Amino acid sequence: MFHVSTLLPFQPDDLQRVERKRHLGNDIVCIIFNDGDQPFDPLCLTTHFTNVFIVISVDKSRTDDTYYKINIANKLGVPPYSPFLKSCPSYRKDERFREFLLSKLINSERAAMLSPDFKGKMIRTNKEILADLSRTYFPRDEEQ
């Protein structure tokens, strides 16, 4: 699932945009389309969940066709994942780029799940789910 920040519910009385932040802050992978000239700094966002930032911008040095530049920032502990970026990460806007980007997004989330932060959370969550299932479907007989 992907959240598009500009398409999330907007409430004018929510000055801090808490509702939007709630959705975006719980995503493991965050895609930033940077259409400005300022570089994106992933440290400007505080999140306990987002482990990968994929920043896409138009490569303005190319005039022959539309090309995109990709930069990726991972939190510590996220293992490397394919497909790997080219040494000059500028990609022509075509079907191959679309396939590359989708593969990168899916694999980045899978890799983030292997990071120490998520491993611990997943183990705790799975233990709670199993304990709940055990209590629900195999209740202990208190009289024995």
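One numbering rule holds for all chains: residues counted from 1, following each sequence as written. Per-residue local features are limited, in this predicted model, to residues with pLDDT of at least 70; the limit for side-chain atom pairs, both in listing and counting, is 80 or more; totals at the level of whole chains, interfaces and linings are taken over all residues. To get the side-chain values, take all heavy atoms of the structure and skip hydrogens and water.

Enquirer: Kindly report on the nonpolar core, identifying the contributing residues and their values.
Expert: Residue types Ala, Val, Leu, Ile, Met, Phe, Trp, Tyr and Cys, when buried and joined through side-chain atoms within 4.5 Å, form a set referred to as a nonpolar core. Exposure classes here rest on a 1.4 Å probe applied to the protein chains alone. A residue is buried below 20% of its type maximum, exposed above 50%, and partly exposed in between. The biggest cluster of nonpolar side chains holds 17 residues, and the ones touching the most others in it are Val52, Ile54 and Ile70. Elements represented by at least two residues in this core include exactly strand S2 (52-58), strand S3 (67-74) and helix H2 (95-113). If you tally residues by element for this core, the top one is H2, at six residues. In contact with Ile70, not counting residues within four places along its chain, are Ile54, Val55, Ile56, Leu85, Pro89, Tyr91, Phe97 and Phe100. Strands are runs of DSSP state E lasting at least 2 residues, helices are runs of H or I lasting at least 4, and numbering of each runs from the N terminus. Throughout, a contact is declared for two residues whenever any of their heavy atoms are within 4.5 Å.

Enquirer: How would you sum up H2? Please name residues and give values.
Expert: Helices are assigned an expected span. That span is 1.5 Å times one less than the residue count. Compared with the 27 Å implied by 1.5 Å per residue over 19 residues, the 28 Å span of H2 between its first and last C-alpha is a close match. All of the buried residues in H2 are Phe97, Phe100, Leu101, Lys104, Leu105, Ser108, Ala111 and Ala112. The buried residues of H2 all sit within an arc of 135° when viewed along its axis, so they share a single face. Facing away from the buried side of H2, by more than 90 degrees, are the exposed residues Ile106 and Arg110. The arc refers to the directions leading from the helix axis to the C-beta atoms.

Enquirer: I'd like a description of the layout of surface pockets, backed by residues and values.
Expert: To locate leftover empty space, one rolls a probe as large as a water molecule over the atoms. Buried and open spaces are told apart on a 1 Å grid over the protein atoms alone, a cavity being a set of points where a 1.4 Å probe fits but cannot get out and a pocket being an open set with protein on both sides within 12 Å along at least five of seven lines. Residues with an atom within 4 Å of a point are the lining residues. Grid points are joined across faces, edges and corners, and a volume is the space filled by probe spheres set on the points. Quantified by volume, the second largest pocket comes out at close to 290 Å³. Around the second largest pocket sit 13 residues that line it, and Ile31, Phe33, Ile56, Phe97 and Leu101 are the ones nearest its centre. Looking at the lining of the second largest pocket, the elements with two or more residues in it are strand S1 (29-33) and H2. It is H2 that contributes the most residues to the lining of the second largest pocket, five residues altogether. For this scheme, ten residues count as nonpolar: Ala, Val, Leu, Ile, Met, Phe, Trp, Tyr, Cys and Pro. Four count as charged, namely Asp, Glu, Lys and Arg, and the remainder, Gly too, count as polar. Residue composition of the lining of the second largest pocket, grouped by class: 10 nonpolar, no polar and three charged.

Enquirer: Report on the pattern of salt bridges, specifying residues and quantitative values.
Expert: When a carboxyl oxygen of Asp or Glu lies within 4 Å of a side-chain nitrogen of Lys or Arg, that pair is called a salt bridge. Across all of its chains, the model carries six salt bridges by this definition. Here Lys60 makes a salt bridge to Asp37, at a shortest N to O gap of 3.0 Å. Of this pair, Lys60 sits in the loop between S2 and S3 while Asp37 sits in the loop between S1 and S2, and the two are 23 residues apart along the sequence. A single burial state applies to Lys60 and to Asp37, both of which are exposed. Across the pair Asp65 and Arg92 runs a salt bridge, and its minimum N-O distance is 2.7 Å. Of the two residues, Asp65 sits in the loop between S2 and S3 while Arg92 sits in strand S4 (residues 90-92), which places them 27 residues apart along the sequence. By relative accessible area, Asp65 is classed as partly exposed at 33%. For Arg92, a relative accessible area of 42% gives the class partly exposed. Salt bridges here are not isolated pairs; linked through shared partners, they connect Glu95, Arg98 and Glu99.

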